[in-house]
Structure formats: structure tokens, C-alpha cells
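Topology and contacts: notes
Each chain is listed here by its residues.
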Amino acid sequence: MRLRTGNALAVQATDLTLAYQQRPVLWDVDLEVPRGVLMAIVGPNGAGKTTLLRTLLGLLRPAAGEVLVFGRSYLEQRGLVAYVPQRGSVDWDFPTTALDVVTMGTYGSLGWVKRPGASERSRATAALEQVGMQDYADRQISQLSGGQQQRVFLARALVQDAEIYLMDEPFQGVDATTERAIVDLLRALRTAGKTVVAVHHDLQTVAEYFDQVTLLNVRRIAAGPVDEVFTEENLRLTYGGRVAGIGGRANATPLDMLA
Amino acid sequence: MTSAQIDVLLVAVVVAAACAIPGTFLVLRRMAMMSDAISHTVLLGIVLAFFVVADLNSPVLILGAALVGLLTVVLVEMVSRTGLVREDTAIGLVFPALFSIAVILISSLAGNVHLDSDVVLLGEIAFAPFNRFAPFGVDLGPIALWVMGAILVVNLAGASLFFKELKLATFDPALAAALGFSPALVHYGLMAVVSVTAVGAFDAVGSILVVALMIGPPAAAYLLTDRLPRMLGLSVVIGAASAVGGYWLARLLDASIAGSMATVVGIAFILVLFLAPQRGLVATARRRRRQRWTFARQMLLIHLATHEGTPTEADESRPDHMQRHMRWPPEFANRVVHTATERGLIDLENDQLRLTAAGREAARQAALR
């Protein structure tokens, strides 16, 4: 199967609506991600951020709406998309090594039955090196720290050699070294022309780490370049009264509001 | 040993090995109790298939069993997906329902057929040698050995062909789905294999002991290794060894072979639970103890380093001060001081504890972390 990128948007979702037992989680959400940008998805707990990612990946079926990856359906373009789930979504006591987890990223290109060989393992080793984890290749994964586990997940996405990287809270609970490593990695991906969409929790670093932001709270509140849409007004609309210290100061920046 | 004894042993080893393979994945998927449910409900499949073909040796029985095994999984998922009962409760509701239908059918309609609920529950491996596979009058050994041998081959082939899919779908089903490997297909495939294995095995060891062979060896192997291929291999070895051990225990006690096999599985697990080199209870307790002493020693060194060269030093570094300051019982404090002295970290002179150069360095290292 030939994968096409063309000139279309990297990810284009239109009118996504998704409900768990009649309770809407995403309501008519549009998402346009141009190629080669780092986009943060920001919103309060229960805003549907993870649900949006999982819908983009075809893991959840929306009640309405469609998702296009470079102008075609996800099923056709699966090989262009890599996924970094939340660290807590798997059992880290599973009997396997860091290198083996990274090698799982190559399974998509292998297809059914075929086993990973020397070339898959060397790609996985290279990806581990890229995130500074080469010395931990043979460690059982429960012996890694949270930040190291997150880097293993990133390496697993890198080894997929995708065009689009969908990440669910890559910065969640990581140490400073890992945070630095992830930021460097995001920038390297952007330089290579890749597209990243990441669910992000830390409002203070949105402007520093990302080019674009989508503010989500069941509905899409705003989306676009960070300096245009990451405003106090939009944050207030997204978080309601739930951002500490909101309101009062006329010219407060988003960072002030969090202080 | 007579040839009948060798037959029984062979059947036992093959049953145990065949059970250990799907069992490993059940344990890792936290679905151990599903094996209990399936190993009972397959009886319904056998009974229903028997009514269709009226032949207890027909392979259709295995097909019926596999289908009812899958039905069990589907029903459990349907009941728990209502969100009104938890999954373990759903298992507790579905499996007795299907099993009791089977028991009623056997007792009321098939009373004169050799389908006896005692044999179903407990099995009778000792009869295995009497049921021979003899096409055209050539004796090729017990039927049970052929049936279980075929199931073992299927399980081995399945686990090795789909090893990567089973591993991925077990460790990270979301990634499996995103990469285009259907985790649902893997899930139901595994459940079908569990069902077929349970049918084959319960003829020999009964439906209750199937659970012991599916769950016990993998649970022990999980404590012995942190590599999946090794866990599979160790499960097979532990299962097979327990089968052999159980056979001899049964002869020694003149008791049920199946019961003895399950007992030995249990003993093997308990031994591993205590004695596993890294994760066993003994190793864990020893590690904890060692850490407690190391930590106490570090506390002492850091305390001495903090007060070194200060006006209160003389007061702070008296051995009896440690007992009060660290709230250590006198014996414990003496032992900490003793081991630290022995290692050349501190010296005791004029009732004062003093750090040696090595002790000062150790304190610095400990404080850094």
C-alpha cells in the first residue's frame, strides 16, 4: 500500500461527535492540523482530550463526523501515524525489556505472523539511543523510572517512522531530564517536517513548547497559532471558573492567571 | 513400569504442557478466572454436540465445546458491559448458568450414556490407556494421547506463529488496534484455544483441575523470570514436572492422579513463592532487612557529618545520644555503630564517635542521593 501525504492537512477532523451512553464527550469538534507543526490539545479533565486522540486513531467510533489523514481515511493511512499512549495505560510489570517494547513499534510494518529480525532490532536500538535510553535496552520495564518509561514509549513511536505523532500527555509525571529530552525530540521532529499533536496539561509551558493549540472542552473553544488563540479569554471559556485566580486583572496573561 | 503407566504419564505431561501455553497469556491478561468458567461451560457444548451426532468420540464434540467456550466469554462481556455488575460477578453468573443447563441435560436426557458429571468434574486419567486409537486394528496408543498431542501441537504452533500478536495485544491493546492487529481477534482466538484445551484436558484431569494446570505453572513462572519466552518455557516445564510428580505422589498415597497432580502444582507454586531468587518472599524480606541496616548506617554517618566541627559535636556524637536522637533501641543502635566501625566508617575514641575519611565520603555520597 502506497501512503500519500500530498498537500492536504496532516490531520483534518470534521464535526466529530462522540458520546458514552448519551453523554456527549465530543460535540461537533473540528480539528485542522497543518503539516509540520507541534500542536497542543489543552482542556480541563473530562474535556474529551484523550477521547479525541483515540477517535483520530480509529480506536473509538464517532457517532458523527470523519477523520482524514493527509486527505484520506485513517485506515488507508495507518502507516503514517504513530501513537504514544498515556504511560498508565499499560501494565509495566509485563515480562519484557525496554528494547522489546520499542521493537513493538515495528510490528505495523511487519504485518501478521512475520517476526521482527535483526533490522527491526537495530532500528529499535537506534530509537532508544535517540531518546538517550540505550544503556537500559535490556532492563525489565518495571525497573525503569516514570520518565524512562515515557522515553521508551517515545522511542517506540519514533521507530514507526511516521509522519504524524499523536501523544497522550507525554510530559505527565516526568523528571526534568526527560522533559528536556522530549522537548528536544519534538523540535527535531518539527525540523524533520513531522507533525505532532499532544494532549498537554501544563498551561505554563504551552507557549514555549508548541506552535499551535486547540482549546477543548467537549466543544472546540478555539484553535490556531499559540500567540493568537492562547488568551485569557479563551482559557476562561475553556476552563470556566476552574482556573485558579481567574478574572480580576484586565491585562493578565495566561501565565499570571495560574500564579 | 508397565506400558499402561507410561501411557498415563505421557498423557499427564502432554495435558500439562498444553494447558500451560494458553494459561500464560490468561495470567498476563488477568483473566485467570475465565479459565475456570470456560473449563466448566464447555460441558454444555459437549452435551449439545452429543445430541446432534450421538457419538462420544466425535470431533464435533470439540467444536461444540469451543463454540460454547466463546459464548461464555461473549456473555460475560455482555453482562459486565451493562455497567451494573463487575466482571468477576459476571463470570460468577454466566458460568454456573451454562454449566447447570449441561448438568440438567445430562441427568435427565442422557442418563444411560457414559457422560457422568463426576468424571467431568474430576476426570479419570487412569482410564486413559484403555481407550485405544487403533485404526485398521493397529494399536497406536491411547486416544487421549493423540487428542491432547494434537492440541499441544496446535497450541505450540499458535503461540509461536502469533507470538508477536499475542504479546502486543496483551501488553498494549490500544497500540495493537492502532497498528491494525485486531486485539478482539487475538482475544477470541485465545479463548477458542482455551476452550479446546479445556475439553481435551478435562477428559483426563477433570474441569476443576484444568484450572490448576492452566494457572498454577504460569503464575509460578511469572515469579521466576521477566522475559515472556522464558515464562512460557518455564510454565511448560513446571506443568510437566508437576504432572510427573503428581503421578508418583498418587501411587505413593494410592489416591486420585488428577488430584495429586494439582496438589503438586500447588506445592510447586508455594515453593517458588517463597524461594524465587528475585521476587520470592524470602529474597524480598532479606532485601528489606539489608536496606534497613544500610539506611540506619547512613543516618548515623549523616548525623555525625552534620555536627562535625560544631560546638555541640561532643554532645551529639556520644553513642548513647544516638539511641535518643534516632529513637533506636539500644541493641539496634549498638549494632549499627558496631557494623559501621567494622567497615572502617567510624572510630570510637573517648566515648566519642568520629567519622573516618571513608565515613565522611560515604556520608557525602548518601546525602547526594
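It should be emphasised that the depicted structure is a prediction, and the values quoted were computed from it without experimental measurement.

1. Topic: the overall build of chain A
Within chain A one finds 11 helices and 10 strands. Buried positions account for 51% of the 259 residues belonging to chain A. In chain A, once contacts between residues fewer than 6 apart in sequence are set aside, the share between residues at least 24 apart is 67%.

2. A closer look at the pattern of salt bridges
Think of it this way: side chains of opposite charge can pair up when their charged atoms draw near. Considering all chains together, one arrives at 18 salt bridges over all chains under this definition. Asp161 of chain A is the salt-bridge partner of Lys194 of chain A, the closest N and O atoms lying 3.9 Å from each other. One end of the pair, Lys194 of chain A, is in the loop between helix H7 (176-191) and strand S8 (195-199); the other, Asp161 of chain A, is in the loop between helix H6 (146-158) and strand S7 (164-168), and 33 residues separate them in sequence. Residue Asp161 of chain A is classed as exposed on the basis of its relative accessible area of 55%. Salt-bridge contacts for Lys164 of chain B lead to Glu165 of chain B; the nearest nitrogen and oxygen are separated by 2.9 Å. By the burial criterion, Lys164 of chain B is buried, and Glu165 of chain B matches it.

3. A short note on helix H9 (residues 183-224) of chain B
Helical periodicity: at 3.6 residues per turn, an α-helix aligns residues three or four positions apart in one direction. Helix length check: H9 of chain B (42 residues) gives 27 Å between terminal C-alpha atoms against 62 Å at 1.5 Å per residue, more than 12% under. Along its length, H9 of chain B reaches its greatest deviation from straightness, about 115 degrees, at Val205 of chain B.

4. Quick word on unusual backbone geometry
Residues and elements named next belong to chain A. Within the chain, Val113 stands out as a residue other than glycine whose phi angle is a positive 70 degrees. In this fold, Val113 is placed in the loop between helix H4 (107-110) and helix H5 (118-130). You will see that Val218, though not glycine, has its phi angle at about 65 degrees, which is positive. Turning to its location among the elements, Val218 is positioned in the loop between strand S9 (212-217) and strand S10 (219-225).

5. Description of the packing of helix H7 (residues 163-171) of chain B against H9 of chain B
All names here are of chain B. Running from N to C, H7 and H9 point in directions that differ by 110 degrees, and their axes come no closer than 10 Å. Taken as axis vectors, H7 and H9 run roughly perpendicular relative to one another. In contact with Glu165, Leu166 and Ala169 of H7, H9 contributes Pro183, Val186 and Leu190.

6. Remarks on the nonpolar core
Grouped together as the largest cluster of nonpolar side chains are 142 residues, with contacts concentrated most on Tyr165 and Met167 of chain A together with Val15 and Val205 of chain B. Ignoring any residue separated from it by four or fewer positions in sequence, one finds Val15 of chain B in contact with Met148, Ala201, Ala204, Val205 and Leu213 of chain B. Formed by 31 residues, the second largest nonpolar core is a distinct cluster that contains Ala13, Met39, Leu52 and Tyr74 of chain A.

7. Here's the deal with a positive patch on the surface
Together, Arg286, Arg287, Arg288, Arg289, Arg290, Arg292 and Arg335 of chain B give the surface a local cluster of positive charge. No other element matches the six residues that helix H12 (residues 281-307) of chain B contributes to the positive patch.

8. Description of the packing of aromatic side chains
Tallying each qualifying case throughout the model produces 10 aromatic pairs over all chains. Ring geometry for Trp92 of chain A versus Phe171 of chain B: centroids 6.2 Å apart, planes at 85 degrees, classification edge-to-face. Of this pair, Trp92 of chain A sits in the loop between strand S6 (81-84) and helix H3 (98-103) while Phe171 of chain B sits in helix H7, on two different chains. Residues Trp92 of chain A and Phe171 of chain B agree in their burial class; the two are buried. Centroid distance Tyr247 of chain B to Trp248 of chain B: 5.4 Å. Interplanar angle 80 degrees. Geometry classified as edge-to-face. Residue classification places Tyr247 of chain B among the buried positions, given a relative accessible area of 5%. Exposure remark for Trp248 of chain B: the relative accessible area of 38% places this residue in the partly exposed category. Joined through ring pairs, the aromatic side chains of Trp92, Phe94 and Phe153 of chain A together with Phe171 of chain B make up one cluster. Its end group placed over the ring of Tyr107 of chain A, Lys164 of chain B keeps NZ or CZ at 5.7 Å from the ring centre. Sitting over the ring of Tyr222 of chain B, Arg279 of chain B keeps its end group 5.7 Å from the ring centre.

9. A word on the confidence of the model for chain A
Atomic detail in the predicted coordinates should be set aside for any region of low pLDDT. Of the residues in chain A, 90% have a pLDDT of 70 or more, and the chain-wide mean is 87. pLDDT under 50 marks residues 244-259 of chain A. Its contacts with residues more than four places away, or in other chains, come to 26 contacts.

10. Section: the sheet that holds strand S3 (residues 38-42) of chain A
All names here are of chain A. Reading across the sheet, the six strands line up as S6-S7-S8-S3-S9-S10 and stay open at both edges, with mixed pairing between neighbours. The outermost strands of the open sheet, each flanked by one partner alone, are S6 and S10. Pairwise comparison of adjacent strand axes, ignoring direction, gives a mean angle of 15 degrees for this sheet. In this sheet, S8 lies alongside S7 in parallel orientation, the contact comprising five bridges. Opposite Met167, over in S8, you have Ala198 as the bridge partner. Its contacts with the sheet put helix H1 (residues 49-56) on S3, S6, S7, S8 and S9, and the angle it makes with S7 is roughly 150 degrees. The sheet strands contacting helix H10 (residues 232-239) are S3, S9 and S10, and the helix crosses S9 at an angle near 35 degrees.

11. A closer look at the interface of chain B and chain A
In this assembly, 28 residues from chain B lie in contact with 33 residues from chain A. Taken together, chain B and chain A are joined by three salt bridges. Here Asp100 of chain A makes a salt bridge to Lys167 of chain B, at a shortest N to O gap of 2.8 Å. Counting the contacts that link chain B with chain A gives 14 residue pairs in polar contact (both at pLDDT 80 or more).

12. A few points about the packing of helix H1 (residues 3-28) of chain B against H9 of chain B
All names here are of chain B. The N-to-C vectors of H1 and H9 enclose an angle of 65 degrees; their axes lie 5 Å apart at closest approach. With respect to the hand of their crossing, H1 and H9 are arranged in right-handed fashion. Broken down by class, the residue content of the contact of H1 with H9 amounts to 25 nonpolar, three polar and no charged.

13. Digging into the sheet that holds strand S2 (residues 23-33) of chain A
Residues and elements named next belong to chain A. Here we have four strands laid out as an open sheet, ordered S2-S1-S4-S5, and antiparallel in their pairing. Each end of this open sheet is capped by a strand with a single partner; those strands are S2 and strand S5 (72-73). Where strand S1 (residues 11-20) and S2 come together, seven bridges link them in antiparallel fashion. If you follow Gln12 over to S2, its bridge partner there is Glu32.

14. Details of the confidence of the model for chain B
Residue and element names in this part refer to chain B. Per-chain confidence: chain B averages 88 in pLDDT, with 96% of residues scoring 70 or above. At the low end of the mean pLDDT range in chain B sits helix H5 (residues 117-122), at 64; at the high end sits H7, at 96. As a predicted assembly, this complex carries a pTM of 0.86 together with an ipTM value of 0.86.

15. Overview of the environment of Gly216 of chain B
The residue Gly216 of chain B is located in helix H9 in this model. Spatially, the C-alpha atom of Gly216 of chain B lies 8.4 Å from that of Ser235 of chain B, the residues being 19 residues apart in sequence.

16. Quick word on the side chain of Ser260 of chain B
By the secondary structure assignment, Ser260 of chain B is in helix H11 (residues 257-275). Not counting residues up to four positions away in its chain, the partners in contact with Ser260 of chain B are Gly246, Leu249, Ala250 and Ala255 of chain B.

What counts, and at which threshold
- Residues numbered from 1 in each chain as written.
- Chains lettered and ligands numbered in written order.
- Predicted model: local features only at pLDDT ≥ 70, side-chain atom pairs only at ≥ 80, totals over all residues.
- Heavy atoms only, no water.
- Helix = DSSP H or I, 4+ residues; strand = E, 2+ residues; numbered from the N terminus.
- Buried < 20%, exposed > 50% of the residue type's maximum accessible area, 1.4 Å probe, protein only.
- Contact = heavy atoms within 4.5 Å.
- Salt bridge = Lys/Arg side-chain N within 4 Å of Asp/Glu carboxyl O.
- Expected span 1.5 Å × (residues − 1).
- Bend = angle between axes of the 7 residues up to and from the residue.
- Axes fitted to C-alpha atoms, helices over the stretch in contact; angles between N-to-C directions.
- Parallel < 35°, antiparallel > 145°, perpendicular 65-115°, else oblique.
- Core = buried A, V, L, I, M, F, W, Y, C linked by side-chain atoms within 4.5 Å.
- Patch = residues over 30% accessible without salt bridge, like charges linked within 9 Å, V, L, I, M, F, W, Y side chains within 5 Å.
- Areas by Shrake-Rupley, 256 points an atom, 1.4 Å probe, with all protein chains shown as cover.
- Lys, Arg positive; Asp, Glu negative; His and termini not counted.
- Charge placed at Lys NZ, Arg CZ, Asp CG, Glu CD.
- Phe/Tyr/Trp six-rings, centres within 6.5 Å; stacked < 30°, edge-to-face > 60°.
- Lys NZ or Arg CZ within 6 Å of the ring centre and 35° of its normal.
- pLDDT = per-residue confidence, 0-100.
- Pairing = 2+ DSSP bridges.
- Polar contact = N/O pair within 3.5 Å; in protein donor to acceptor, adjacent residues only side chain to side chain.
- Left-handed = near helix turned anticlockwise from the far one by under 90°.
- Nonpolar A, V, L, I, M, F, W, Y, C, P; charged D, E, K, R; others polar.

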